[in-house]
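Chain residues, written in single-letter form:
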Amino acid sequence: MNIKAVIFDLDGVIVSTDRYHYKAWKQIADQEGIEFNSSINHRLRGVSRRESLEIILERASRDYLEEEKQQLAEQKNEVYKGLLASLTADDLLPEVRGTLLTLRERKVKIAIGSSSKNAPLILDKIGLSSQFDAISDGNNISQSKPHPEVFLKAAEMLGVAPEDCLVVEDAEAGVEAALRAGMKAAAIGDARNSDKAHYKLLSIRELLRIR
Ligand code: B16
Ligand code: MG
């Protein structure tokens with residue numbers, strides 16, 4: 001294949017904001033007396049805020065009203081944004097900067113494909129806002145991963161056919177979304193446990209071997 005574009009997931013691939021999502025949801029779950037641990041958290045990777053809340057509420061001992069759900073989702077986001085306040089360029093995951101530079105030198109287009117509505121804020125804080133050719137995130141989609149919308153929009157913004165795109169993902173839902181988009185998928189971190197991805201990466205730099 002001939003890779004013309006690489007679409008990066010944000011949370012867990014470019015920056016480890018996944019630990020902040022966990023902390024914020026844990027606070028909400030504890031407050032509500034709902035069991036929540038890292039194995040349940042695994043299911044929240046790549047899925048929207050609202051769907052994440054629904055997964056947590058599966059273990060609740062009562063039903064929640066729509067207003068309560070909205071309030072909890074908002075509260076989680078406030079806690080999460082509070083944790084993001086201290087984010088800086090030092091929080092970029094290892095080898096990210098160098099890998100992006102090499103792709104640029106090779107004239108491979110680069111994009112973000114993230115379910116997060118906070119993606120613009122995060123990219124700004126880590127100093128990468130102007131480094132991508134396209135940013136597709138939770139603000140321009142109506143269905144979250146594993147639906148392929150976020151990646152198809154990124155490919156459209158780049159003007160690259162889906163079959164010429166490689167997606168780098170840390171979430172099973174994201175790998176699934178890439179496959180449904182007709183793209184190649186490279187799994188890193190948590191997603192390496194899934195057998196669906198075309199490639200498994202131990203480090204982000206390894207994607208440079210895929211041509
Ligand atoms: P927000 P990604 C995803 O980001 C996270 O993995 C997921 O845990 C989160 O629920 C989702 O963004 C929505 O985030 O509440 O900030 O809109 O992995 O797709 O970059
Ligand atoms: Mg992710």
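See above for the structure.
An account of the accompanying structure is given in this report. (Residues numbered from 1 in each chain as written. Chains lettered and ligands numbered in written order. Predicted model: local features only at pLDDT ≥ 70, side-chain atom pairs only at ≥ 80, totals over all residues. Heavy atoms only, no water.)

Next up on the list: the site of ligand 1. Taken together, the neighbourhood of ligand 1 is formed by 18 residues, with Asp11, Val47, Ser114, Ser116 and Lys117 sitting nearest. A distance of 2.7 Å is found between an oxygen atom of ligand 1 and a side-chain nitrogen or oxygen belonging to Asn118. Within the complex, the protein chains bury 98% of what would otherwise be the 470 Å² of accessible surface of ligand 1. Placement of ligand 1 is best described as lying within the largest pocket. Taken together, the residues of the shell around ligand 1 break down into four nonpolar, eight polar and six charged. Split by domain, the residues of the shell around ligand 1 number at least three in each of domain 1 (5-15 + 92-209) and domain 2 (18-86). (Near = heavy atom within 4 Å. Polar contact = N/O pair within 3.5 Å; in protein donor to acceptor, adjacent residues only side chain to side chain. Areas by Shrake-Rupley, 256 points an atom, 1.4 Å probe, with all protein chains shown as cover. 1 Å grid on protein atoms, 1.4 Å probe; cavity = no way out; pocket = protein on both sides within 12 Å on 5 of 7 lines; lining within 4 Å. Sits in = over half its atoms within 2 Å of the grid points. Nonpolar A, V, L, I, M, F, W, Y, C, P; charged D, E, K, R; others polar. Domains from an automatic or database assignment.)

Taken as a whole, the largest pocket spans an internal volume of roughly 600 Å³. Counting only elements with at least two residues in the lining of the largest pocket, the list comes to α1 (18-32), α3 (49-57) and α4 (66-84). Looking at the lining of the largest pocket, the element that brings in the most residues is α4, giving seven residues. Among the residues forming the lining of the largest pocket, the class breakdown is eight nonpolar, 15 polar and 14 charged. Approximately 200 Å³ is the volume attributed to the second largest pocket. Lining the second largest pocket we find 15 residues, and of these Gly12, Val13, Leu93, Ile188 and Gly189 sit closest to its centre. In terms of residue class, the lining of the second largest pocket is made up of six nonpolar, four polar and five charged. (Points joined across faces, edges and corners; volume = space filled by probe spheres on them. Helix = DSSP H or I, 4+ residues; strand = E, 2+ residues; numbered from the N terminus.)

Here we come to α4. Its 19 residues place the ends of α4 27 Å apart at the C-alpha level, agreeing with the 27 Å of an ideal helix rising 1.5 Å per residue. All of the buried residues along α4 are Lys69, Leu72, Ala73, Lys76, Asn77, Val79, Tyr80 and Leu84. One face of α4 carries all of its buried residues, which in axial projection span an arc of 165°. The outward face of α4, more than 90 degrees from its buried face, is lined by the exposed residues Glu67, Gln71, Glu74 and Glu78. Where α4 is buried, its residues meet α1, α3 and α6 (119-125). (Expected span 1.5 Å × (residues − 1). Buried < 20%, exposed > 50% of the residue type's maximum accessible area, 1.4 Å probe, protein only. Arc of directions from axis to C-beta. Contact = heavy atoms within 4.5 Å.)

The analysis is restricted to geometry; functional conclusions fall outside its scope.
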